[in-house]
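As a plain string of letters, each chain reads:
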Amino acid sequence: PDNAAVLKALAELQAREQAWDGLGTTLGRLAETVRADPAYRAVLTCAQARLREDRMADAEGATALYRQALDLDGTNWSSIVALKRLYQAQHRPADLMEVIEREIALETDLPQKVLLYHRLGRLSAERLGQADAAIPLLTKALELDPQSALIATELGRLHEAAGRWDEWVALWRR
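Only a predicted model underlies this, so the values are computations on that prediction, with no experimental measurement involved.

1. Digging into the pattern of salt bridges
Opposite charge on two side chains permits them to pair, given that their charged atoms come into close proximity. Taken as a whole, this structure holds 13 salt bridges when the rule is applied. One salt bridge in this structure joins lysine 84 and glutamate 103, with 2.7 Å as the shortest N-O distance. Here lysine 84 is found in helix 5 (residues 77–89), whereas its partner glutamate 103 is found in helix 6 (residues 93–106), with 19 residues between them in sequence. The pair formed by lysine 84 and glutamate 103 is uniform in burial state, with each residue classed as buried. Connected via shared salt-bridge partners are Arg67, Asp71, Glu98 and Arg102.

Following this line, the structure appears as structure tokens:
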């Protein structure tokens, strides 16, 4: 059946009966019935991903579904939070950085934005070995929080390691 009401009832029954494989399929079919509403499709896809992750121990399948949900609705916080957790656990720093960049675009809380830029800078420098890419990220974090000694110290260390003495001196004169 492709009727949304019937699929919802079937999903409830499958959840009660702990028929996880069937429930996953039903949630996918239900998401297909609401093509005109990408935000709701993303919610259903996240439910399908949680099922894969929590009940079926399929982190890779869950990751793909959360990614699909985020592509459907770039403002879906559930998928952002889940992908950050999964990419961290799967040691996928480049993918983690891309999700954090999306989070920054949505974030309105300034201290949280500072933390996110700081995290991006550290991931870039420490996990990807890309100090040149980390410098503008940490610079942005410091612009948002000019009083942060931690960020200034990390940025100074990167300038020093790269032999960027003019930037290092300017950083400490500010």
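That was the structure; now back to the text.
2. A closer look at the nonpolar core
Counting 34 residues, the largest nonpolar core has Tyr66 and Ile100 as the members making the most contacts within it. Broken down by element, this core gets its largest block of residues, six residues, from helix 8 (residues 131–144). Among residues more than four places away in sequence, those in contact with tyrosine 66 are Cys46, Ala49, Arg50, Glu53, Ser78, Ser79, Ala82, Leu83 and Leu86. Counting ten residues, the second-largest nonpolar core is a separate cluster that includes Leu27, Ala31, Leu44 and Leu51.

3. Comments concerning the environment of glutamate 101
Here glutamate 101 shows up in helix 6. Taking the relative accessible area as the measure of exposure, glutamate 101 reaches 43% and is therefore partly exposed. Along the chain, glutamate 101 and leucine 120 lie 19 residues apart, while their C-alpha atoms are 8.0 Å from each other.

4. Some thoughts on the packing of aromatic side chains
A full pass over the atoms with the stated rule returns two aromatic pairs. Here tryptophan 165 and tryptophan 168 contribute two aromatic rings whose centre-to-centre distance is 6.1 Å and whose plane-to-plane angle is 75°, an arrangement assigned as edge-to-face. Of this pair, tryptophan 165 and tryptophan 168 both sit in helix 10 (residues 165–173), three residues apart, roughly one helical turn. The partly exposed category is assigned to tryptophan 168, whose relative accessible area is 30%. Judged by centre distance (6.5 Å) and plane angle (65°), the rings of tryptophan 168 and tryptophan 172 are edge-to-face. Placement of both tryptophan 168 and tryptophan 172 in helix 10 is noted, with a separation of four residues, approximately one turn of the helix. Judged by its relative accessible area of 43%, tryptophan 172 falls in the partly exposed class. A network of ring pairs unites the aromatic residues Trp165, Trp168 and Trp172 as a single cluster.

5. Details of the packing of helix 7 (residues 110–127) against helix 8
The interhelical angle for the contact between helix 7 and helix 8, taken along N-to-C directions, is 165°, at an axis separation of 8 Å. Here helix 8 runs roughly antiparallel to helix 7, going by the angle between their axes. Every pair of crossing elements has a handedness; the one defined by helix 7 and helix 8 is left-handed. Where helix 7 approaches helix 8, its residues Leu110, Lys113, Val114, Tyr117, His118, Leu120, Gly121, Ser124 and Ala125 are matched on the opposing element by Ala131, Ala133, Ala134, Leu137, Leu138, Lys140, Ala141 and Leu144.

6. Quick word on the packing of helix 4 (residues 59–72) against helix 6
Any two packed helices are characterised by the angle at which their axes cross and by the distance between the axes. Where helix 4 meets helix 6, the closest approach of the two axes is 13 Å, and the angle between their N-to-C directions is 30°. Note on packing geometry: the crossing formed by helix 4 with helix 6 is left-handed. In this structure, helix 4 contributes Arg67, Leu70 and Asp71 to the contact, and helix 6 contributes Glu98, Val99 and Arg102. In the contact of helix 4 with helix 6, the residues fall into two nonpolar, no polar and four charged.

About the cut-offs
- Residues numbered from 1 in each chain as written.
- Predicted model: local features only at pLDDT ≥ 70, side-chain atom pairs only at ≥ 80, totals over all residues.
- Heavy atoms only, no water.
- Salt bridge = Lys/Arg side-chain N within 4 Å of Asp/Glu carboxyl O.
- Helix = DSSP H or I, 4+ residues; strand = E, 2+ residues; numbered from the N terminus.
- Buried < 20%, exposed > 50% of the residue type's maximum accessible area, 1.4 Å probe, protein only.
- Core = buried A, V, L, I, M, F, W, Y, C linked by side-chain atoms within 4.5 Å.
- Contact = heavy atoms within 4.5 Å.
- Phe/Tyr/Trp six-rings, centres within 6.5 Å; stacked < 30°, edge-to-face > 60°.
- Axes fitted to C-alpha atoms, helices over the stretch in contact; angles between N-to-C directions.
- Parallel < 35°, antiparallel > 145°, perpendicular 65-115°, else oblique.
- Left-handed = near helix turned anticlockwise from the far one by under 90°.
- Nonpolar A, V, L, I, M, F, W, Y, C, P; charged D, E, K, R; others polar.

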